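Next come the chains, spelled out residue by residue.
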Amino acid sequence: MNDLVIIDLSRNIKFLVTVCLPERKILYKLNEAQLMFDRTKHNYKFFITQIVYNYELFEDLINEYSNLCVTNNIIPARIIFNFALFASESTIKFMKCLGVIFDENFESEITDLKLRDDAEINYIEYSMDKSCELYKNLIKLCREKHIPFGFSADVVSGSKMEFLKSIELYKKLKQIV
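What you see is a predicted model; the values in this text were computed from it and never measured. (Residues numbered from 1 in each chain as written. Predicted model: local features only at pLDDT ≥ 70, side-chain atom pairs only at ≥ 80, totals over all residues. Heavy atoms only, no water.)

S.K.: Explain the overall build of the chain to me, using residue names and the numbers behind them.
M.R.: Along the chain, the regular secondary structure elements total seven helices and five strands. Looking at the chain as a whole, 42% of its 177 residues qualify as buried. Contacts spanning at least 24 positions in sequence make up 73% of the contacts within the chain whose residues lie at least 6 apart. (Helix = DSSP H or I, 4+ residues; strand = E, 2+ residues; numbered from the N terminus. Buried < 20%, exposed > 50% of the residue type's maximum accessible area, 1.4 Å probe, protein only. Contact = heavy atoms within 4.5 Å.)

S.K.: Explain the nonpolar core residue by residue, including any values.
M.R.: One recurring pattern in soluble globular proteins is that nonpolar side chains are buried together. Counting 49 residues, the largest nonpolar core has Tyr-65, Phe-81, Phe-83, Phe-86 and Met-95 as the members making the most contacts within it. Per-element accounting of this core gives the leading share, 11 residues, to helix α6 (residues 119-145). Beyond its immediate stretch of four places on either side in the chain, Phe-83 contacts Ile-51, Val-52, Ser-131, Leu-134, Tyr-135, Leu-138, Phe-151, Ser-152, Ala-153, Asp-154, Leu-169 and Leu-173. (Core = buried A, V, L, I, M, F, W, Y, C linked by side-chain atoms within 4.5 Å.)

S.K.: Explain a nonpolar patch on the surface residue by residue, including any values.
M.R.: There is a patch of nonpolar side chains on the surface, built from Ile-26, Leu-27, Tyr-28 and Leu-30 and spanning about 410 Å² of accessible area. Positionally, Leu-30 belongs in the loop between α1 (23-28) and α2 (32-41). Residue classification places Leu-30 among the partly exposed positions, given a relative accessible area of 38%. (Patch = residues over 30% accessible without salt bridge, like charges linked within 9 Å, V, L, I, M, F, W, Y side chains within 5 Å. Areas by Shrake-Rupley, 256 points an atom, 1.4 Å probe, with all protein chains shown as cover. Salt bridge = Lys/Arg side-chain N within 4 Å of Asp/Glu carboxyl O.)

S.K.: Any details on helix α4 (residues 89-98)? Residues and values, ideally.
M.R.: Of all the positions in α4, only Thr-91, Ile-92 and Met-95 are classed as buried. Taken down its axis, α4 places every buried residue within 100° of arc, on the same side. α4 presents Ser-90, Lys-93 and Cys-97 as exposed residues on the side facing more than 90 degrees away from its buried surface. Structurally, α4 contributes buried residues whose contacts are with β3 (44-51), β4 (78-84), α5 (106-114) and α7 (160-176). Of the residues trailing α4, Gly-99 is marked for its positive phi of about 105°. (Arc of directions from axis to C-beta.)

S.K.: Describe the packing of α4 against α5, and please don't skip the residues or the numbers.
M.R.: Contact geometry for α4 and α5: axes closest at 13 Å, N-to-C directions at 165°. On the basis of their axis angle, the class for α4 and α5 is roughly antiparallel. Crossing geometry of α4 relative to α5 is assigned as left-handed. Across from Glu-89, Ile-92 and Lys-96 in α4, the residues of α5 making contact are Phe-106, Glu-107, Ile-110 and Lys-114. (Axes fitted to C-alpha atoms, helices over the stretch in contact; angles between N-to-C directions. Parallel < 35°, antiparallel > 145°, perpendicular 65-115°, else oblique. Left-handed = near helix turned anticlockwise from the far one by under 90°.)

S.K.: I'd like to hear about the pairing of β3, residue by residue, with values.
M.R.: Of the pairings in the sheet, the one linking β3 to β4 comprises four bridges and is parallel in character. Residue pairing in the sheet places Ile-48 in a bridge with Ile-80 of β4. In the classification by handedness, the crossover that spans β3, the intervening helix α3 (residues 55-71) and the parallel β4 is right-handed. (Pairing = 2+ DSSP bridges. Right-handed = clockwise from strand over helix to strand, strands pointing away.)

S.K.: An account of the environment of Glu-104 is needed here, citing residue identities and associated values.
M.R.: With respect to the secondary-structure elements, Glu-104 resides in the loop between α4 and α5. By relative accessible area, Glu-104 is classed as exposed at 78%. Between the alpha carbons of Glu-104 and Asn-54 there is a distance of 8.3 Å; along the sequence they are 50 residues apart.

All we've got here are geometric facts, nothing functional implied.
Below, the structure is given as C-alpha cells:
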C-alpha cells in the first residue's frame, strides 16, 4: 500500500493520504470505491488520483464512493485530481505505462493531431483543453455528490515545454474553481 502520513507540526495534526486509481477496476477487477470508503472509515483525509484523462472512470468511482458514504453516514474524504500535459508521443506512452487509461476517443483525436504541422504544440493545446474540460466536469459532479475536491498540475517527463505549460495549466485550473 502506498500510503503517506502528513504531519503538520505547527498544529500537531496527522493526516493519512493515499492514492485512488479508478483504473484498478478495469485492470485488476478491484472495487476502488470500496477501498476508498474503507480507508475513509479509518480516518484517511485525502485521496490523490492517477492522471485524469477518462471522465467515465472517475464518474463511476465518484458515484460509487458517494453512495457508500451517504448510505453509511460517513463524511467523504477530499479527492485531489491529478492532471498532466503531454507534448510528445513518448510522454503519452509513459503515461500509459503508469496505468493512465485514456477515453475511447483519444486515439482518433491524437492521430488527427499527428497529421497536422507542429504536433508538439497541438499535443500541449489538446491536453491543456482536455484537462480543463475534465476538471470542469469533475467539479460539477463532486459538488452534486458533496465530495470535497482539489487538483494538482503535475509533470511526468523531463520536457521543458511540459514543465512550463504545467504552470499555465495550474493557473487555468485554479480559475475554474
